[in-house]
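Examining the three-dimensional arrangement
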Amino acid sequence: MDIETRRKKLRFRAAHRGLKELDLFIGSFAEASVADMDEGQLDEFEAILDVPDNIMLDWIMGRQTPEYPAGGVLEAILKFEYPGGAA
């Protein structure tokens, strides 16, 4: 699959997780960031999308420290400021 198709699929997946708060937050992050990601960053983002919703929401809300290997994409997600206000 070419990189643009992969980016499109990851943006869709990020915005359709199932938990509305994460759909909005991670979907907004993906729209703002995925176009600039290289293959390695896309791999990392895809792995992050495999994390269960409740755990990811706890990370974003600061209720739990990620046990996931910290990388640039995860750090960017945790620093991302949702344009619609608090997630």
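Shown above is the structure to which this text applies.
Residues numbered from 1 in each chain as written. Predicted model: local features only at pLDDT ≥ 70, side-chain atom pairs only at ≥ 80, totals over all residues. Heavy atoms only, no water.

Observations concerning helix α2 (residues 20–33)
Taking 1.5 Å of rise per residue, 14 residues should cover 20 Å, and α2 covers 20 Å from first to last C-alpha, within 8% of that figure. Considered for burial, the residues of α2 that qualify are L22, D23, F25, I26, G27, F29, A30 and S33. Of the surrounding secondary structure, the elements contacted by the buried residues of α2 are α1 (3–15), α3 (39–49), α4 (53–61) and α5 (72–79). (Helix = DSSP H or I, 4+ residues; strand = E, 2+ residues; numbered from the N terminus. Expected span 1.5 Å × (residues − 1). Buried < 20%, exposed > 50% of the residue type's maximum accessible area, 1.4 Å probe, protein only. Contact = heavy atoms within 4.5 Å.)

Concerning the packing of aromatic side chains
For the structure shown, the criterion picks out four aromatic pairs. The interplanar angle of 40° and the centroid separation of 6.4 Å between the aromatic rings of F25 and Y82 together place this pair among those described as tilted. Of this pair, F25 sits in helix α2 while Y82 sits in the segment after α5, and the two are 57 residues apart along the sequence. A network of ring pairs unites the aromatic residues F25, F29, F45, F80 and Y82 as a single cluster. (Phe/Tyr/Trp six-rings, centres within 6.5 Å; stacked < 30°, edge-to-face > 60°.)

Focus: the environment of M37
Here M37 is to be found in the loop between α2 and α3. Residues M37 and R17 lie 20 residues apart in sequence; the distance between their C-alpha atoms is 20 Å. Sequence-distant contacts of M37, defined by excluding residues within four places in its chain, comprise I3, R7, F29, L42, F45 and V73.

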